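# Structural overview
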Amino acid sequence: ALIAVLPPAPTITGLSPDAVEQGYTPVVNVTGTELSGVSSILVGGVSATFSNNTATSVRFTPPLLTAGARTVEITTPGGTASTTLTYYTGITVTGLSTIDLSSAGGTSVTLTGTGFGGMSSISVNGVAATSFIVHSNTSLTFVAPAGTPGVATVEVLIILLESKFNHPPLTSAD
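All of the points below concern the structure found in this document. (Residues numbered from 1 in each chain as written. Predicted model: local features only at pLDDT ≥ 70, side-chain atom pairs only at ≥ 80, totals over all residues. Heavy atoms only, no water.)

### Digging into the environment of Leu 15
Filter applied, for reference: Starting at the N terminus, helices and strands are each numbered in turn, a helix being any DSSP run of H or I of at least four residues and a strand any DSSP run of E of at least two. Working rule for contacts: check all heavy atoms of both residues, and any pair within 4.5 Å makes them a contact.
Here Leu 15 lies in strand β1 (residues 11-16). Separated by 16 residues in the primary sequence, Leu 15 and Thr 31 have C-alpha atoms spaced 6.5 Å apart. Residues within four places of Leu 15 in sequence aside, it is in contact with Val 28, Asn 29, Val 30, Phe 60, Thr 83, Thr 84 and Leu 85.

As structure tokens, then:
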């Protein structure tokens, strides 16, 4: 009688990054065990290209998919392991109501663009805004904190995404 001995099943211990912006295809690094001999990687049921396969890692380029959580399935001779990769909608800023901030703080600034839904924080040069209101996915208003005169970078944090913009630059002259 013949006895077939199958290789051990693969496991996934990490995915970096574990979230990608919709419309972009960065290389995703997977770590785990028993990853030798990968025969396919599916993301949301769609084939991904992969390379640099070793027993503990593999790299892949995810397919272009819409926003949402997608199952990643990595198949080896020992079986299939799965994890989740999240696609998110990126932030774009197309306008702002003012580029002049008071160094004393208190300036109200309205941003227009896309992707503001689910915003969790906003800061100017690393200092949290005094307050903010998300009017819609395309509009938000924040009250700038006190800061040092000069060019400022505004950071909008939305769940998995941090977007920094400086166009046009916000300035503080007093």
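### Notes on the side chain of Thr 141
We count it as follows: Two N or O atoms count as a polar contact when they lie within 3.5 Å, although within protein this holds only if one can serve as hydrogen donor and the other as acceptor, and sequence-adjacent residues are included solely when both atoms are side-chain atoms.
With respect to the helices and strands, Thr 141 occurs in strand β16 (residues 139-143). Within the local environment of Thr 141, its side chain forms a polar contact with the side chain of Thr 110, the two groups lying 3.0 Å apart. If sequence neighbours within four positions are ignored, Thr 141 has contacts with Ser 108, Val 109, Thr 110, Ser 131, Phe 132, Ile 133 and His 135.

### Quick word on the sheet that holds β16
Convention followed: Here a strand pair is declared whenever DSSP counts at least two bridges between the two strands. Throughout, an axis means a line fitted to C-alpha atoms (over the contacting stretch in the case of helices), and angles, computed between N-to-C directions, take values from 0 to 180 degrees.
Judged by pairing direction, the sheet is antiparallel, and its four strands sit side by side in the order β10-β12-β16-β15 without closing on themselves. Each end of this open sheet is capped by a strand with a single partner; those strands are β10 (92-96) and β15 (131-136). Geometrically, the sheet is characterised by an average inter-axis angle of 25° between neighbouring strands, direction not taken into account. Of the strand pairs in this sheet, β10 and strand β12 (residues 108-114) are connected by four bridges, and their pairing is antiparallel. In the sheet register, Leu 96 faces β12, and the bridge partner there is Leu 111.

### Notes on the side chain of Thr 76
As a reminder of what qualifies: Three exposure classes are used, based on accessible area relative to the maximum for each residue type with a 1.4 Å probe and protein chains only: buried under 20%, partly exposed in between, and exposed over 50%.
Structurally, Thr 76 can be placed in strand β8 (residues 68-76). Residue Thr 76 is classed as buried on the basis of its relative accessible area, which comes to 6%. With sequence-adjacent residues up to four places away left out, Thr 76 is seen in contact with Pro 10, Glu 34, Leu 35, Ser 36, Gly 37 and Val 38.

### Focus on the sheet that holds β1
Pairing is antiparallel in the open sheet, where four strands are placed in the order β1-β3-β7-β6. The sheet is open, and its two edges are formed by β1 and β6 (49-51), each paired on a single side. Across the sheet, the mean angle separating the axes of adjacent strands is 30° when strand polarity is ignored. Direction of pairing for β1 relative to strand β3 (residues 28-33): antiparallel, over a ladder of five bridges. Paired with Leu 15 across the two strands is Val 30, which belongs to β3.

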